[in-house]
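What follows is the residue order along each chain.
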Amino acid sequence: MNLLAIESSCDETAAAVVTDRLEVLASVVASQDELHRRFGGVVPEIASRAHVERILPVIDEALAKAGLALGDLDAVAVANTPGLAGSLLVGLAAAKTICLAMGIPLVAVNHLQAHIYACRLAAGEDVFPCVGLIASGGHTSLYRCAGPLDFKLLGATIDDAAGEAFDKVANMLGLAYPGGPSIQRAAEHGDPRAYRFPRAFLKDENRLDFSFSGLKTAVRYAIAGPGKPDFARLDLPENRVADLAAAFQEAVVDCLVDKAFLCLRKTGLATLCVGGGVAANRRLRERLDEEARRRNVRLCIAPLALSTDNAVMGAIAIERYKAGKIEPLDLDVYPGVVRQPA
Ligand code: KG4
Ligand code: ZN
């Protein structure tokens, strides 16, 4: 079986061709980083318009790389939740059109579950049951994942996502978008103990939630001084930027690591899968690795290319297809984090 998977939930236009044996025949990702850079974050309307321009060339390229024509496809999968409404709609319209034209089934993909499935692709099906930590630009959440299609939300950010905090703090520090890689680079030469930033809920063993907006504000005050929340970008010396980046990164990493391992203790599970763009962070990987060794936990972090948004992780649709979960062609998008209608 050849599955075409389409991903357009945020600012990456992606298509992949995967077989039912989970062989990846092609993967194409067209990044929009350049378009959003000068705004310091994703502008939804720009993202949807860019998806419209790119979706067909990206699908064509994936098919060409796989050496297949539309007639060789057996199903099309598309991420329809969660994400930016306009962005999701572009992928969904493309997927429906191919399904209608070729008379093949449409399979829905939950983008967050797909991020965890990226770990299963890398590490094998015995990663389940596991705790799933997703840390991306739009989401930061913890799941109990009993199987590839059985996810229960146990905790989430009550305000900003971790990746969003990276992007906004990078902007404050005059570093380029996307903020994650820029802060990671700047932090290499910084002292994480130079500033002591808040770590929300860290001492609360009853909460598996996250909060990063107070941390963002703390960085802002550290840059501008107390009582001066508004500042035109100050010309910060390089060593201060490095210290601020390192201390901020350490605070985010502390929260993610602490809550992920609290979740493992509470659920009694022994495997941790980590996905989403922030999972690309080197310091986070290092700390998770240390902690996993210490606590005898199996750690599966998606490889870099599968951590950030891509369509290969849409291979989770093979599981849905096998479970008979085919969608009607009036399928809609669900921008917020809601349960996929059965
Ligand atoms: O999963 P993703 O590609 O898209 C969403 O679904 O949001 O995640 C993008 C986010 C951005 O906020 C970006 O700054 C962050 O992932 N990111 C990182 C790193 N690489 C990407 N954050 C920290 N460290 C990194 N190395
Ligand atoms: Zn994502």
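Residues numbered from 1 in each chain as written. Chains lettered and ligands numbered in written order. Predicted model: local features only at pLDDT ≥ 70, side-chain atom pairs only at ≥ 80, totals over all residues. Heavy atoms only, no water.

**What to know about the overall build of the protein chain**
To be explicit about the condition: Secondary structure counts use DSSP, requiring at least four H or I residues in a row for a helix and at least two E residues in a row for a strand, with both numbered from the N terminus. Throughout, radius of gyration means the C-alpha value; the globule benchmark is 2.2 Å times the number of residues raised to the power 0.38. Three labels apply to residues, based on accessible area from a 1.4 Å probe with only protein chains included: buried if under 20% of the type maximum, exposed if over 50%, partly exposed otherwise in between. Any two residues whose heavy atoms approach within 4.5 Å are treated as being in contact. Values of accessible area rely on a 1.4 Å probe in the Shrake-Rupley scheme; residue burial ignores everything except the protein chains shown. The sign given to each residue is positive for Lys and Arg and negative for Asp and Glu; His and the chain ends receive no count. Note on charges: their place is set at NZ of Lys, CZ of Arg, CG of Asp or CD of Glu.
Scanning the protein chain from terminus to terminus reveals eleven helices and ten strands. The C-alpha radius of gyration of the protein chain comes to 20 Å, within 12% of the 20 Å expected for a compact globule of 342 residues. Projected onto its principal axes, the C-alpha positions of the protein chain cover 60 × 45 × 30 Å. Per-residue burial over the protein chain gives 54% buried out of 342 residues. The long-range fraction of contacts in the protein chain, counting pairs at least 24 apart against all pairs at least 6 apart in sequence, stands at 72%. As displayed, the protein chain has an accessible area near 14600 Å², and 51% of this comes from carbon and sulfur atoms. Side chains of the protein chain give 37 positive and 41 negative charges; the mean places of these two sets differ by 6 Å.

**A word on the site of ligand 1**
Threshold: For this description, a residue counts as near a given molecule or strand if any of its non-hydrogen atoms is within 4 Å of it. Per the annotation, domain bounds derive from an automatic or database assignment of domains.
With respect to spatial proximity, 20 residues lie near ligand 1, and among them Gly137, Asp167, Gln184, Gly277 and Asp309 are the closest. Protein contact buries 91% of the 550 Å² of open area that ligand 1 shows by itself. The element that contributes the greatest number of residues to the shell around ligand 1 is helix α6 (residues 179-187), accounting for four residues. The residue makeup of the shell around ligand 1 includes at least three contributed by each of domain 1 (2-115 + 307-322) and domain 2 (127-303).

**Comments concerning the sheet that holds strand β1 (residues 2-7)**
What counts, and what does not: Only when DSSP finds a minimum of two bridges between them are two strands counted as paired. Between N-to-C directions, angles cover 0 to 180 degrees, with each direction set by a line fitted to C-alpha atoms, over the stretch in contact for helices.
Spatially, β3-β2-β1-β4-β5 is the arrangement adopted by the five strands of the open sheet, whose pairing is mixed. Where the open sheet ends on each side, the last strands, each with one partner, are β3 (24-31) and β5 (106-110). The average angle at which neighbouring strand axes cross in this sheet is 20°, direction not considered. Contacts from helix α3 (residues 85-102) reach β1, β4 (75-81) and β5, with the element oriented near 160° to β4.

**Here's the deal with the domain arrangement of the protein chain**
Cut-off, in case you're wondering: Accessible area that two parts lose when put together, with a 1.4 Å probe and added across both, is what the buried area reports. Side-chain classes are defined by residue name, with Ala, Val, Leu, Ile, Met, Phe, Trp, Tyr, Cys and Pro counting as nonpolar, Asp, Glu, Lys and Arg as charged, and the others, Gly among them, as polar.
The domain architecture assigned to the protein chain consists of domain 1 (2-115 + 307-322) and domain 2 (127-303). When each unit is reduced to the centre of its C-alpha atoms, the spacing between domain 1 and domain 2 is 27 Å. With 16 residues of domain 1 in contact, the opposing surface of domain 2 contributes 19 residues. Here domain 1 and domain 2 share an interface that buries about 1500 Å² over both sides, 63% of which is from carbon and sulfur atoms. When contributions to the side of domain 1 that touches domain 2 are tallied by element, the ones reaching two or more residues are α1 (33-36), α4 (111-123) and α11 (316-322). Of the residues assigned to the side of domain 1 that touches domain 2, the class counts are four nonpolar, seven polar and five charged.

**A closer look at the pattern of salt bridges**
Under the convention used in this document: Salt bridges are identified by distance alone: a Lys or Arg side-chain nitrogen within 4 Å of an Asp or Glu carboxyl oxygen.
Inspection of the entire model under this criterion finds 19 salt bridges. Of the charged contacts in the structure, one is a salt bridge between arginine 298 and aspartate 126, with a shortest N-O distance of 3.2 Å. On the criterion of sequence distance, the pair formed by arginine 298 in strand β10 (residues 298-301) and aspartate 126 in the loop between α4 and β6 (130-135) is long-range, its members being 172 residues apart. Of the charged contacts in the structure, one is a salt bridge between glutamate 250 and arginine 287, with a shortest N-O distance of 3.2 Å. Taken as a pair, glutamate 250 in helix α8 (residues 238-267) and arginine 287 in helix α9 (residues 282-295) lie far apart in primary sequence, 37 residues in all.

**With respect to the sheet that holds β6**
With mixed pairing, the five strands of this open sheet are ordered in space as β8-β7-β6-β9-β10. Looking at which strands have only one partner, the edges of the open sheet turn out to be β8 (150-156) and β10. For this sheet, the mean inter-axis angle between neighbouring strands, taken without regard to orientation, is 25°. Here strand β9 (residues 271-275) pairs with β10 via four bridges, running parallel. Counted as the bridge partner of threonine 271 is arginine 298 from β10. Sitting on the sheet, α4 is in contact with β6, β7 (140-147), β8, β9 and β10, with an inclination near 120° to β6.

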